[in-house]
Amino acid sequence: MPDVHSLVNEFVIKLKKRQIEGSKTTAKLTAELLRSFISQLRLPHSNQAGALIDAVKEVGEKLITAKPVELAVGNVVRRVLHIIREEDLSITNAAVGGLNLASESDDDDGNDEYDHPVLSASAVAAAARNALRPPSLQTLLDDIPHAAATPHTSSSGDDSEGKSKSADSLRRKLKHDVIEAVNELIQEISTCHEQIAEQAVEHIHHNEVILTLGSSQTVKEFLLAAKEKNRSFRVFVAEGAPRYQGHAFAKELASRGLQTTVITDSAVFAMISHVNMVIVGAHAVMANGGVIAPVGLNMVALAAKRHAVPFVVLSGVHKLCPLYPHNPEVLLNELKSPSELLDFGEFSDCLDFGSGSGSPLIHVVNPAFDYVPPDLVSLFITDTGGHNPSYIYRLIADFYSPDDLVVQRKSAS
């Protein structure tokens, strides 16, 4: 098995070189890397959760720094940190319940306190806070009760070997539970398109006209799922300049039997009055319900708002970012190559290459993303269902811990 640190370094290099593209692919590979890292990590005898959190934060900080604009990397790192805290809290609650059972027993021999894991004051306080925190609808729907912990029994003989096995078992249990939860996260990311597409028939109806921009795998699966349910509708595809990904997207939809019309981005306002619904993908969904999306979508959202056309965003849960657009950790945009806009050969005599020439120069700016504020979004459709923009913060509270918003390992001091 290759060294896990080598795997981390290789993944960092791939992120820096932009060899991994797409939020879903990046999120899945990040989760798989963290799973390998956790499985090979040796935990200390005490404060295992704290050591595991510090180690994951150290790796996560490297991954996020390698490609800050890919917010899915930070999202997955924070999800894994939240998983560690939740699994540690679950073990703590079980241990507290075991202590309560032991205190009520009549056959204590005075040494039972050594048979139970040592619980810090912070862990007990966290367990109490968790018991008092009101659950959200999402957690109530998704909650699967854990198997009841087996009550601890003590023997009158020498049980030092049993104590050692119990401590070792608890160490293995934390890693095992965390890895199992990360496996579920990977499965969730892998099936997000299918989970979102299953809801298509609830939103797309006969003889409707759907507008989208550029290319999105999530949108494609959503539209094709509606067609498979015998929905007859037309799709307007804005071409998505300057990369014109809408051309290939429209060709693929047409090859699958969908009525498809390609329009220029500048024609969106002219055509929006013929549209029943705008359906688009997202690069990331921020904590305030705003969307970081391919460039040009802000214009589409404004046109939809002006003509009272629903603006629907499809997004996997792994794209929910617990940060706000104004947070300094958020890099909202990325500049692409100017060659997508202007031909270097034709404009080489007047392009600004930083040479310091005194002649008039053309500066080329080619941003990759737009920011769509929450008031322009009508509905989010995720793999957990449909949600209003005002509910995004509650979803984020279920998946992330406030202690992990800034992924940075504590200094040694």
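Computed from a predicted structure; not experimentally measured. (Residues numbered from 1 in each chain as written. Predicted model: local features only at pLDDT ≥ 70, side-chain atom pairs only at ≥ 80, totals over all residues. Heavy atoms only, no water.)

**Q** Lay out the confidence of the model for the chain in plain terms, naming residues and giving numbers.
**A** Within the chain, residue pLDDT values average 85, and 78% of them lie at 70 or more. Every residue in residues 112–117 scores below 50 in pLDDT, and together they form 13 contacts with partners more than four places removed in sequence or on other chains. In this model, residues 144–157 is a region of pLDDT below 50 whose contacts with residues beyond four sequence positions or in other chains number eight contacts. (pLDDT = per-residue confidence, 0-100. Contact = heavy atoms within 4.5 Å.)

**Q** Residues and numbers for the sheet that holds strand β10 (residues 385–387), please.
**A** The strand order across the open sheet built from seven strands is β3-β2-β1-β4-β7-β9-β10, with neighbouring strands paired in mixed fashion. Edge positions in the sheet fall to β3 (259–263) and β10, since each of these pairs with one other strand and no more. Pairs of neighbouring strands in the sheet enclose a mean axial angle of 25°, with direction left out of account. The sheet contact formed by strand β2 (residues 233–238) and β3 spans five bridges and is parallel. From the neighbouring strand, Arg-234 faces β3, where its bridge partner is Gln-259. (Pairing = 2+ DSSP bridges. Helix = DSSP H or I, 4+ residues; strand = E, 2+ residues; numbered from the N terminus. Axes fitted to C-alpha atoms, helices over the stretch in contact; angles between N-to-C directions.)

**Q** Account for the sheet that holds strand β6 (residues 291–294), naming residues and giving values.
**A** Pairing within the open sheet is antiparallel, and its three strands lie in the order β5-β6-β8. Looking at strand neighbours, the two that pair on one side only are β5 (284–285) and β8 (369–372), the edges of this open sheet. Of the strands in this sheet, β6 and β8 touch helix α12 (residues 297–306), which is tilted by about 30° from β8.

**Q** How would you summarise the pattern of salt bridges if you had to cite specific residues and measurements?
**A** This model, assessed by the stated rule, comprises 11 salt bridges. With its nearest N and O atoms 2.7 Å apart, the salt bridge here joins Asp-404 to Arg-85. With Asp-404 in the segment after α14 (392–399) and Arg-85 in helix α4 (residues 71–104), the pair connects residues that are 319 residues apart, well separated along the chain. A salt bridge links Arg-394 to Asp-398; its shortest N-O distance comes to 3.4 Å. With Arg-394 and Asp-398 both in helix α14, this residue pair falls four residues apart, about one helical turn. Among the charged side chains, a salt-bridge network with shared partners connects Lys-57, Arg-85, Asp-403 and Asp-404. (Salt bridge = Lys/Arg side-chain N within 4 Å of Asp/Glu carboxyl O.)

**Q** Requested: an account of the side chain of His-203, with residues and values cited.
**A** Relative to the assigned elements, His-203 resides in the loop between α8 (192–197) and β1 (208–213). The class of His-203 is buried, set by a relative accessible area of 18%. Those residues in contact with His-203, other than ones at most four positions away along the chain, are Glu-208, Phe-222, Met-277, Leu-379 and Ile-381. (Buried < 20%, exposed > 50% of the residue type's maximum accessible area, 1.4 Å probe, protein only.)

**Q** How would you summarise unusual backbone geometry if you had to cite specific residues and measurements?
**A** Between Ala-241 and Pro-242 the backbone carries a cis peptide bond, its omega angle lying at 5°. Within the element layout of this structure, Pro-242 appears in the loop between β2 and α10 (245–255). We note that Asn-47 has phi near 50°; this positive angle belongs to a residue other than glycine. Summarising the element assignment, Asn-47 is placed in the loop between α2 (23–40) and α3 (48–66). The phi dihedral of Asn-230 is positive, around 65°, even though this residue is not glycine. Looking at the secondary structure, you find Asn-230 in the loop between α9 (217–228) and β2.

**Q** Which residues make up the packing of helix α1 (residues 4–16) against α3, and what are the values?
**A** How two helices pack is summed up by the angle between their axes together with the distance between the axes. One way to put it is that α1 packs onto α3 with a least axis distance of 8 Å and a crossing angle of 20°. Accordingly, the angle class assigned to the pair α1 and α3 is roughly parallel. Of the two elements, α1 crosses α3, and the hand of that crossing is right-handed. Between α1, through Val-8, Phe-11, Val-12, Leu-15 and Lys-16, and α3, the contact on the second element is made entirely by Val-59, Lys-62, Leu-63 and Ala-66. Along the lines of polarity and charge, the residues of the contact of α1 with α3 split into seven nonpolar, no polar and two charged. (Parallel < 35°, antiparallel > 145°, perpendicular 65-115°, else oblique. Left-handed = near helix turned anticlockwise from the far one by under 90°. Nonpolar A, V, L, I, M, F, W, Y, C, P; charged D, E, K, R; others polar.)

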